[in-house]
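Report on the structure
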Amino acid sequence: MSLLHTVKVPRLPVSRLEPVIGASRSARLSRAAGQVRQLLSGRTIWNVNSTAAGGGVAEMLQVLVGYVQDLDIPIGWLVTTGDAAFFAITKRLHNQIHGSLSGAPLGAAEAGHYAEMLAANAVELAARVRPGDVVLLHDPQTAGLAAPLAQAGARVVWRCHIGVDWEDEVTRSGWDFLRPHLAAAEAYVFSRREYVPSWIPADRTWIIPPSIDPFSPKNAPLDAGAVRGILVKLGVLDGAVPTPPAAFVRRDGGAATVSRPAIIVGESRPGPDDPVLVQVSRWDRLKDMAGVMRGFADYVVPGDDGYLMLVGPSVKDVSDDPEGAAVYGECLLQWRDLSPAARARILLVTLPLDDIDENAAMVNALQRHATVITQKSVAEGFGLTVAEGMWKGRPVIGSAVGGIIDQIAEGTGILLPEPADLAAFGSAVRLLLGDQDQAARMGQAAHAHVREKYVGDVHLLRYAQLIGTLIGEG
Ligand code: UDP
């Protein structure tokens, strides 16, 4: 059985971005692509990560790889395999780099298993990758591939999507684990400068924020009827409303309809016009679904209208996130302990991941239906869900951590300086759920901000510069 899996991504026409980004940004992207093509002269760019679905990295690769194909640049995406012990280790590493210690510190046994698992993947990778190919390794799950790939003649770039703005003993222990593996990379990419450990050479470090795609099933326009149809199909709206078709467009352009329901924990459902607050996240403690529930139950339910939907992927499906089921279970227990009034206004929603495009359309409809979006993470590498919500013209209430700080510009939402302050969270929610005009104004500004800073062309241009420097240096 092979350990590496190729992810097939449909080619996406870059030209469709032009109405959003304008002619001059479009032309700049084409010019940069031409230069990269020339520099690569037939060599391939490989992306390597540990899951094809679920989470921000997979979300971005699904579209960026499609655009790069359309720009006639040879590109591939490979997903590695690990056993449960491996993903338990990488989850602990992920948490440590986010400043949160889960379990005992990682020791020699874990280091040995991590290296062994990746060495097995590296054998297969080295057979696919040719000398001179550029390999983008994503996140801690793949860092141990850098040395064997460099040895095989690849130009290795390590792309880290996580981090926190501070350094302490916990974050240092995570980095100490990875450091020996990372020495072989020629360049390093982080989402924010604050995330770069001090020992990574500054002249080989690139700061490249993530991006969203305006035309993916996650973000493409959906009319009000389709939104309503999808929500009714999911089962999150009061069943009495009429049900138009739950239609959406797949990445490959095909027409489709949402056919699977969500698994919902909730005692009642909002009507179509009730204000709704939505957080979409993996079931990960650092996303603090539990804190959002507590804050809403204690500070919004008693005096104000509105519903909360906590939305995440089905917990059996995100292979590199072994804590998902436990965190969902904790939320469920907490929900059962809520007052009846709170249970009537808070829904836990898990979305099937059997069909990635369908899952994306579900998220799209939920974000579009939301009056306000929140992302009250304790730590956040970037927080794509923030840009996704802003793109849909929704104001976002987010913790002032990591990439959320960069995204929520003045007038586009509310930043919470202290994510654990549930009273402050509650008053931000009450303010925006209760003032639809202000929410709409902020939402418009949010959309414009994302168009300027977080659409894929900006992201791809930065990669083009990186590859130009890497290959240009010889
Ligand atoms: N997401 C999804 N389906 C779900 C839950 C989440 O597609 O059921 C997506 C979400 O829309 C976003 C990504 O997963 O695109 C999460 O990225 P983010 O950067 O917010 O956090 P990460 O999971 O990478 O920590």
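Data block above holds the structure.
It should be emphasised that the depicted structure is a prediction, and the values quoted were computed from it without experimental measurement.

A few words on the overall build of the protein. In terms of helices and strands, the protein carries 16 helices and 16 strands. Taken over C-alpha atoms, the radius of gyration comes to 22 Å for the protein, in line with the 23 Å a tight globule of 474 residues would show. Expressed as a percentage of its 474 residues, the buried residues of the protein come to 59%. Once local pairs closer than 6 in sequence are excluded, the contacts in the protein between residues at least 24 apart make up 73%. Surface exposure of the protein reaches about 17,700 Å², of which carbon and sulfur atoms provide 54%. Counting 43 positive and 51 negative side-chain charges, the protein places the centres of these two groups 4 Å from one another.

This paragraph deals with the sheet that holds strand β5 (residues 155-160). Overall, mixed pairing links the seven strands, which are arranged β1-β3-β2-β4-β5-β6-β7 in an open sheet. Edge positions in the sheet fall to β1 (5-6) and β7 (205-207), since each of these pairs with one other strand and no more. Pairing of strand β6 (residues 187-190) with β7 involves three bridges; the strand directions are parallel. The partner of Phe190 across the bridge, within β7, is Ile207. Across the face of the sheet, helix α2 (residues 56-70) comes into contact with β2 (45-49), β3 (75-79) and β4 (134-138) while running at roughly 155 degrees to β3.

Quick look at empty space enclosed by the protein now. Think of a ball as big as a water molecule: rolled over the atoms, this probe shows where empty space is left. Within the structure shown, the criterion is met by four cavities of 30 Å³ or more. Here the second largest cavity is characterised by a volume of approximately 270 Å³. Surrounding the second largest cavity, 24 residues form its lining, Val68, Ile75, Leu136, Leu460 and Tyr463 being those nearest its centre. Elements that contribute at least two residues to the lining of the second largest cavity include exactly α1 (18-40), β2, α2, β4 and α16 (456-472). Tallying contributions element by element places α2 first for the lining of the second largest cavity, with six residues.

Let us now look at a negative patch on the surface. Taken together, the side chains of Asp238, Asp273, Asp274 and Asp305 present a region of like negative charge at the surface. On the secondary structure map, Asp305 appears in the loop between α8 (289-299) and β12 (307-313).

Moving on: the site of the ligand. Near the ligand, the surroundings consist of 17 residues, among which Gly56, Arg282, Lys287, Leu384 and Glu388 are the closest. Within the contact set of the ligand, an oxygen atom lies 3.1 Å away from a backbone nitrogen or oxygen of Pro313. Backbone polar atom of Thr385 to an oxygen atom of the ligand: 3.3 Å apart, as the coordinates give it. For the ligand, whose unbound accessible area comes to 550 Å², protein coverage reaches 90%. Every element with two or more residues in the shell around the ligand is listed here: α2, β12, α11 (356-369) and α12 (384-391).

Before going further, it helps to examine the pairing of strand β15 (residues 396-399). Neither face of β15 is open: one carries Val396 and Gly398, the other Ile397 and Ser399, and all of them are buried. Of the strand pairs in this sheet, strand β14 (residues 372-375) and β15 are connected by three bridges, and their pairing is parallel. Paired with Gln375 across the strands is Gly398, a residue of β15. Where the polypeptide runs from β14 across α12 and back to β15, its parallel neighbour, the crossover connection is right-handed.

Attention now goes to the packing of helix α7 (residues 224-234) against α11. Across the interface, α7 lies against α11 with an axial gap of 9 Å and an inter-helix angle of 110 degrees. Relative to α11, the element α7 is oriented roughly perpendicular. The way α7 lies across α11 gives a crossing that is left-handed. Across the interface between the two elements, Val227, Ile230, Leu231 and Leu234 from α7 touch Ala361, Met362, Ala365, Leu366, Arg368 and His369 from α11. Looking at the contact of α7 with α11 residue by residue, the classes come out as eight nonpolar, one polar and one charged.

With respect to topology, seven strands assemble into an open sheet ordered β10-β13-β12-β11-β14-β15-β16, the strand pairing being mixed. Every interior strand has two partners, whereas the edge strands, β10 (263-265) and β16 (413-416), have only one. When the angles between neighbouring strand axes are averaged without regard to direction, this sheet yields 20 degrees. Inspection of the sheet shows strand β11 (residues 276-280) paired to β12 by five bridges, in the parallel sense. Paired with Leu277 across the two strands is Leu308, which belongs to β12. Strand contacts of helix α9 (residues 324-336): β10 and β13 (346-351), with the helix running at about 155 degrees to β13, the strand carrying the most contacts.

A full pass over the atoms with the stated rule returns 27 salt bridges. In this structure, Arg11 and Asp72 form a salt bridge, with 3.9 Å as the shortest nitrogen-oxygen distance. Linking Arg11 in the loop between β1 and α1 with Asp72 in the loop between α2 and β3, this pair joins segments that are 61 residues apart in sequence. Among the residues examined, Asp72 registers a relative accessible area of 49% and is labelled partly exposed. A salt bridge links Arg192 to Asp165, with the shortest nitrogen-to-oxygen separation between them at 2.7 Å. With Arg192 in the loop between β6 and β7 and Asp165 in the loop between β5 and α6 (169-182), the pair connects residues that are 27 residues apart, well separated along the chain. Of the residues examined, Arg192 reaches a relative accessible area of 6% and is grouped as buried. Judged by relative accessible area, Asp165 falls into the partly exposed class, the value being 34%.

Criteria and cut-off values
Residues numbered from 1 in each chain as written. Predicted model: local features only at pLDDT ≥ 70, side-chain atom pairs only at ≥ 80, totals over all residues. Heavy atoms only, no water. Helix = DSSP H or I, 4+ residues; strand = E, 2+ residues; numbered from the N terminus. Rg over C-alpha atoms; globule rule 2.2 N^0.38 Å. Buried < 20%, exposed > 50% of the residue type's maximum accessible area, 1.4 Å probe, protein only. Contact = heavy atoms within 4.5 Å. Areas by Shrake-Rupley, 256 points an atom, 1.4 Å probe, with all protein chains shown as cover. Lys, Arg positive; Asp, Glu negative; His and termini not counted. Charge placed at Lys NZ, Arg CZ, Asp CG, Glu CD. Pairing = 2+ DSSP bridges. Axes fitted to C-alpha atoms, helices over the stretch in contact; angles between N-to-C directions. 1 Å grid on protein atoms, 1.4 Å probe; cavity = no way out; pocket = protein on both sides within 12 Å on 5 of 7 lines; lining within 4 Å. Points joined across faces, edges and corners; volume = space filled by probe spheres on them. Patch = residues over 30% accessible without salt bridge, like charges linked within 9 Å, V, L, I, M, F, W, Y side chains within 5 Å. Salt bridge = Lys/Arg side-chain N within 4 Å of Asp/Glu carboxyl O. Near = heavy atom within 4 Å. Polar contact = N/O pair within 3.5 Å; in protein donor to acceptor, adjacent residues only side chain to side chain. Right-handed = clockwise from strand over helix to strand, strands pointing away. Parallel < 35°, antiparallel > 145°, perpendicular 65-115°, else oblique. Left-handed = near helix turned anticlockwise from the far one by under 90°. Nonpolar A, V, L, I, M, F, W, Y, C, P; charged D, E, K, R; others polar.

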